[in-house]
Amino acid sequence: MNTQLQLPFRGWSRAEESSKYGSGGGKTPRIGLVLSSGGARGLAHVGVIRVLEEAGVPITAIAGCSMGAYVGSLWAAGLSGADLEERAREIKDRPTLKALMDFNIPPSEGLIRGEKLRKHLERDLGDKTFADLEKPLLVVATDLDRLTPFVFDSGIVSHAVHASSAIPAVCAPVRLNNRRYTDGGVSEPLPVTLLKKRFKLDAVIAVNVMPTPADVEAGGDQAFIQGDKPAARAFSRIFRSFWQKVNLLADGNVLDTFRRALMAAQLHLIAKEEAAADVVIHPRFAASTWHDYEHFEQYLQAGREAALAALPAIRALLQTETNLNQETISHEISPLHARLERHAA
């Protein structure tokens, strides 16, 4: 046997093989996770993440927009699913949410500025940049000046998430680098194709918390609002009648009409992106308002249930990718075995 024989490529030794392919000898699949826009519905992303963690599903990279970017940025920064659930539970009622609103007076660009929400996010992110994150992250916003999607992958993460989460007409556009940005859900509500283009991935899991057209037709925006107490019904009817006329976000008023028109375009974009994903997790709940954060329990549970239902498909996906990688390893190593045997002879 030639003791001076040099192995022709790396990856042959047990140590190198384990480092490259994992302790089981099969390369760990590179799985991407896409988190959609959706306002308060985006709390369901947290329920999904908790299940993925519990099941040990490896996630290589994340892409998100709007609420998906908010949740994704915290997870990419190292917060656990349990940590995210604690954050979701902080907005326990409507007054708590209102305390995070910095209203614009006059509301010429939007009802709120969103600076308080960004600072709330910075409790955990601080001034972290994308390079500081534990997982690669893409945050999608909409460039209002160029009328195109814009992908943030560098710079301060909280600023990118602020831009991605600026709901049109509700939040003022965010100015960064002399450009104006608004909600990424306007142009890329479920950025599956984008994530595939940016990273070499074996598969992509997409979480879509937006309703389907059938959901919208069957449900209403008052899904989790409690009914009035009998003694308060008369006063409540009078107040609602007045509020209906002055609240621009009320059902049928200008901002509600704008929001629904925008959603019609979003649902069309989402359908195309879902087709590009390998597994789609779609939490099921009735439609709700974008600010329905105090009903976090329903959203967390919906995300958890949807992820559990999708686990068999995810595990099958992981098994398929592992088998393919093991076949690739065998294909590479078999010729080397033959060469070693010839030298030994």
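Here the structure is a predicted model, which means the values were calculated and not measured.

**Side note on the nonpolar core**
Among the nonpolar cores identified, the biggest contains 68 residues, and L33, F152, I281 and I314 are the most heavily contacted of them. When residues of this core are assigned to their parent elements, the largest contribution, eleven residues, is made by helix α12 (residues 296-344). With sequence-adjacent residues up to four places away left out, L33 is seen in contact with I49, L52, I59, A61, I62, A63, W75, L195, I205 and V207.

**Examining helix α7 (residues 157-164)**
Every α-helical turn comprises 3.6 residues, leaving residues that sit three or four positions apart pointing alike. Most of α7 sits inside the fold, with seven of its eight residues counted as buried. Within the sequence span of α7, burial applies to V157, S158, A160, V161, H162, A163 and S164.

**Side note on the pattern of salt bridges**
Evaluated as defined, the whole model comprises 14 salt bridges. Across the salt bridge formed by R87 and E86, the nearest N and O atoms sit 3.7 Å from each other. With a relative accessible area of 22%, R87 lands in the partly exposed category. The class of E86 is partly exposed, set by a relative accessible area of 49%.

**Points about unusual backbone geometry**
The omega torsion of the bond from I105 to P106 falls at -5 degrees, within 30 degrees of zero and hence cis. For S66, which is not glycine, the phi torsion reads 55 degrees and is therefore positive. Residue placement: S66 occurs in the loop between β2 (61-65) and α3 (67-76). Non-glycine residue A169 carries a positive phi angle of around 75 degrees. Along the chain, A169 turns up in the loop between α7 and β5 (174-176). On the accessibility criterion, A169 (29% relative accessible area) is partly exposed.

**Regarding the environment of I281**
You can see I281 is positioned in strand β8 (residues 279-281). Sequence-wise, I281 and G303 are 22 residues apart; in three dimensions their C-alpha atoms are separated by 8.3 Å.

**A short note on helix α4 (residues 81-90)**
Inspection of α4 places G81, L84, E85 and A88 among the buried residues, and these make up the whole buried set. Along the axis of α4, the buried positions cluster into a sector of 100 degrees, meaning they face one direction only.

**Some words on the environment of L74**
Position of L74 relative to the elements: it lies in helix α3. Using a relative accessible area of 5% as the deciding quantity, one classes L74 as buried. Leaving out residues up to four positions away in the same chain, L74 has contacts with L79, L84, L121, D124 and L125.

**Description of the confidence of the model for the chain**
Chain-level statistics for the chain give a pLDDT mean of 80 and a share of 74% at 70 or above. Ignoring residues within four places in sequence, the model shows residues 1-25, a span with pLDDT below 50, making 32 contacts including any to other chains. Low pLDDT, under 50, characterises residues 336-340; the stretch is placed with eight contacts to residues that sit more than four places away or in other chains.

**Some words on the pairing of strand β7 (residues 203-207)**
The element β7 is extensively covered by neighbouring structure, given that five of its five residues are classed as buried. Both faces of β7 are covered, namely the face carrying A203, I205 and V207 and the face carrying V204 and A206. In terms of strand pairing, strand β1 (residues 31-35) meets β7 through five bridges, oriented parallel. What sits directly across from I31, in β7, is A203. Pairing of β7 with β8 involves three bridges; the strand directions are parallel. Within β8, the position partnered with A206 by the bridge is V280.

Conventions adopted
Residues numbered from 1 in each chain as written. Predicted model: local features only at pLDDT ≥ 70, side-chain atom pairs only at ≥ 80, totals over all residues. Heavy atoms only, no water. Core = buried A, V, L, I, M, F, W, Y, C linked by side-chain atoms within 4.5 Å. Buried < 20%, exposed > 50% of the residue type's maximum accessible area, 1.4 Å probe, protein only. Helix = DSSP H or I, 4+ residues; strand = E, 2+ residues; numbered from the N terminus. Contact = heavy atoms within 4.5 Å. Salt bridge = Lys/Arg side-chain N within 4 Å of Asp/Glu carboxyl O. Arc of directions from axis to C-beta. pLDDT = per-residue confidence, 0-100. Pairing = 2+ DSSP bridges.

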